[in-house]
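An overview of the molecular structure
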Amino acid sequence: KILRDGVALGRLISALRTFASSGPTESLMQTVEKENVELPPRTRALATKILKLSFDMGESRRILEIERAKERQVVENTTRLRDNIKSLEKFPKSSLIGRYTKDLDKEEDILLNTRTTIEKLAADLVKIERDIQVMKTDLSDEANKALDSIHPRLR
């Protein structure tokens with residue numbers, strides 16, 4: 001029983017030190033769950049929230065890259081359409097000019113929407129990054145408080 005309690009305390013101290021110095025990781029939280037490490041409730045909640053926000057940030061970055069690729073494609077399309085329209089200036093009655101102009105309008109609408117989406121995603125990413133930094137500071141403080149409550153020299 002004493003040995004088991006000592007091992008559990010060692011795991012808790014190790015987890016708290018990691019939280020205090022570098023923040024939570026998915027593998028650390030899996031270990032904490034698997035080994036039933038009894039974290040202080042606020043520490044556990046902050047670590048879980050940081051991991052969720054980190055996942056959300058990764059997803060937002062992935063979507064942002066997709067939108068940026070879409071933006072590049074639309075810019076290429078509009079450039080091509082403008083070149084096509086310019087090459088047909090000698091044939092003002094060509095039905096292709098109307099079609100290209102209509103396609104260009106659609107592409108420019110898509111470009112506007114895509115750029116709006118990119119701006120929103122970029123702003124969301126900045127906010128998530130700030131939130132994570134604030135939470136990491138809070139988590140570090142909470143972990144240090146918990147370490148101090150176990151023994152002041154553990155930090």
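Residue numbers here run from 1 along each chain, matching the order of that chain's written sequence. Owing to the predicted nature of the model, reporting of local features is limited to residues with pLDDT of at least 70; listing and counting of side-chain atom pairs is limited to 80 or more, with chain, interface and lining totals taken over all residues. Each side-chain value is worked out from all heavy atoms of the structure, with water and hydrogens disregarded.

Side note on the overall build of the chain
Counting its regular elements, the chain contains four helices and zero strands. In sequence order, the secondary structure elements of the chain are arranged as α-α-α-α. In this description the radius of gyration comes from C-alpha coordinates, and the expected globular size is given by 2.2 Å times residues to the power 0.38. A compact globule built from 155 residues should have a C-alpha radius of gyration of about 15 Å, whereas the chain, at 27 Å, is more than 25% larger. Taken along the three principal axes of its C-alpha coordinates, the chain extends 90 × 25 × 20 Å. Only protein chains enter the calculation, and the probe is 1.4 Å; a residue is then buried if its accessible area is under 20% of its type maximum, exposed if over 50%, and partly exposed in between. Within the chain, the fraction of its 155 residues that count as buried is 32%. For the chain, the share of sequence-separated contacts (at least 6 apart) that also reach a separation of at least 24 residues comes to 73%. When the accessible surface of the chain is split by element, carbon and sulfur atoms take 55% of a total near 10,500 Å². To qualify as a helix, a DSSP run of H or I must reach at least 4 residues; to qualify as a strand, a run of E must reach at least 2; elements of each kind are numbered from the N terminus. Only heavy atoms matter for contacts: two residues are in contact if any of them lie within 4.5 Å across the pair. Residue-level accessible areas treat just the shown protein chains as cover; the underlying method is Shrake-Rupley with a 1.4 Å probe.

Brief notes about the packing of helix α3 (residues 41-87) against helix α4 (residues 95-150)
Lines fitted to the C-alpha atoms define the axes, with helices restricted to the stretch that makes contact. Angles between their N-to-C directions range from 0 to 180 degrees. The contact between α3 and α4 brings their axes to 7 Å, and the two run at 160 degrees. As summarised for this structure, α3 and α4 are arranged roughly antiparallel, according to the angle between their axes. For the crossing formed where α3 meets α4, the hand is left-handed. A per-class count over the contact of α3 with α4 returns 24 nonpolar, nine polar and 17 charged. Roughly parallel covers angles under 35 degrees, roughly antiparallel covers those over 145, roughly perpendicular covers 65 to 115, and oblique covers all other angles. The sense of a crossing depends on the near helix, which, turned anticlockwise from the far helix by less than a right angle, makes the crossing left-handed and, turned clockwise, makes it right-handed. As a working rule, the residues Ala, Val, Leu, Ile, Met, Phe, Trp, Tyr, Cys and Pro are called nonpolar, Asp, Glu, Lys and Arg charged, and the rest polar, with Gly in that last group.

Structural notes on unusual backbone geometry
Phi at asparagine 36 is positive, roughly 50 degrees, even though this residue is not glycine. With respect to the helices and strands, the residue asparagine 36 is situated in the loop between α2 (26-34) and α3. According to the relative accessible area criterion, asparagine 36 is exposed, its value standing at 61%.

Notes on the confidence of the model for the chain
pLDDT measures how confident the predictor is about each residue, on a scale from 0 to 100. The pLDDT averaged across the chain works out to 94; a share of 98% of its residues lies at or above 70. Taking the mean pLDDT of every element in the chain, the minimum, 88, falls on helix α1 (residues 2-21) and the maximum, 97, on α3.

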